[in-house]
Each structure stands twice: as C-alpha cells, then as structure tokens.
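Secondary and tertiary structure notes
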Amino acid sequence: MTSDTLELRPIANQCAAGSCPTVYEFDADSGRLIIQGFTVTAARAGIDVPAGEALVEVPIELLKEALQKLS
C-alpha cells in the first residue's frame, strides 16, 4: 500500500462481492465519503461537470442504508 492509497471502510453496498455500488467512508474526521457506482456522462445528464469530478449513478436504497449506518 502506498502513501497515496486511501483506506476505505464500506458503509453500505448492494452485494457481497464488493464489485457493485458501494458507499465508503474514508475520512471520518471530515465526514467525507466515496461512492462507487455506474458513471454517467455529463452529456447524457445535460449538465456541465468540472474537471476532476464525475457523475455516479447509485440506487437510492444504497444511500438510505448508508445514512442509517452513519446516523
């Protein structure tokens, strides 16, 4: 593991394999999360997305589960 590698803690996911939409906590002190999901292009969404950002599609139930576990 390099110093650039984030230490992610799964909060909620949609399968047991780990290769599906998942919400991870990576900085509990600042309350930051990383969300794994299916990418959506800015063109398809019809909005501008700044460099370095991405649109990610996840099931709403995944976010509800994550919110319950973080509350």
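Below is a short write-up of the structure. (Residues numbered from 1 in each chain as written. Predicted model: local features only at pLDDT ≥ 70, side-chain atom pairs only at ≥ 80, totals over all residues. Heavy atoms only, no water.)

Quick word on the overall build of the protein
Along the backbone of the protein there are two helices and five strands. Mapped in sequence order, the helices and strands of the protein form the string β-β-β-β-α-β-α. On the principal axes, the C-alpha backbone points of the protein span a range of 30 × 30 × 25 Å. By the burial criterion, 17% of the 71 residues in the protein qualify as buried. (Helix = DSSP H or I, 4+ residues; strand = E, 2+ residues; numbered from the N terminus. Buried < 20%, exposed > 50% of the residue type's maximum accessible area, 1.4 Å probe, protein only.)

Considerations on the state of the cysteines
Here the structure, examined in full by the defined rule, presents one disulfide. Note that Cys15 is cross-linked by a disulfide to Cys20, the S-S spacing being 2.1 Å. Its S-S torsion of approximately -110° makes the covalent link between Cys15 and Cys20 left-handed. Using a relative accessible area of 11% as the deciding quantity, one classes Cys20 as buried. (Disulfide = S-S within 2.5 Å.)

Re the sheet that holds strand β1 (residues 9–13)
Across the sheet, which stays open at both edges, the three strands sit in the order β1-β2-β3 with antiparallel pairing between neighbours. Across the chains shown, the open sheet's two edge strands, defined by having one partner strand only, are β1 and β3 (32–36). Strand-to-strand twist of the sheet, defined as the mean angle between neighbouring strand axes without regard to direction, takes the value 30°. Looking at chain direction, β1 and strand β2 (residues 22–27) are connected through four bridges and run antiparallel. For Arg9, the partnering residue across the bridge sits in β2 and is Glu25. Contacts from helix α2 (residues 60–70) reach β1, β2 and β3, with the element oriented near 130° to β1. (Pairing = 2+ DSSP bridges. Axes fitted to C-alpha atoms, helices over the stretch in contact; angles between N-to-C directions. Contact = heavy atoms within 4.5 Å.)

Considerations on the environment of Gln36
Within the secondary structure layout, Gln36 lies in strand β3. A distance of 3.2 Å separates a polar side-chain atom of Gln36 from the backbone oxygen of Cys20. At a separation of 2.9 Å, a polar atom in the side chain of Gln36 contacts the side chain of Tyr24. (Polar contact = N/O pair within 3.5 Å; in protein donor to acceptor, adjacent residues only side chain to side chain.)

Regarding the pattern of salt bridges
Scanning all chains against the criterion turns up three salt bridges. Across the pair Glu25 and Arg9 runs a salt bridge, and its minimum N-O distance is 2.4 Å. Placement of Glu25 in strand β2 and of Arg9 in strand β1 is noted, with a sequence separation of 16 residues between them. What makes Glu25 buried here is its relative accessible area of 15%. Judged by its relative accessible area of 46%, Arg9 is partly exposed. Where Lys64 meets Glu61, a salt bridge forms, and the shortest distance between an N and an O atom there is 3.4 Å. One end of the pair is Lys64 and the other is Glu61, both in helix α2 and three residues apart, which spans about a single turn. Given a relative accessible area of 45%, Lys64 falls into the partly exposed group. (Salt bridge = Lys/Arg side-chain N within 4 Å of Asp/Glu carboxyl O.)

Worth remembering: the numbers are spatial, not functional.
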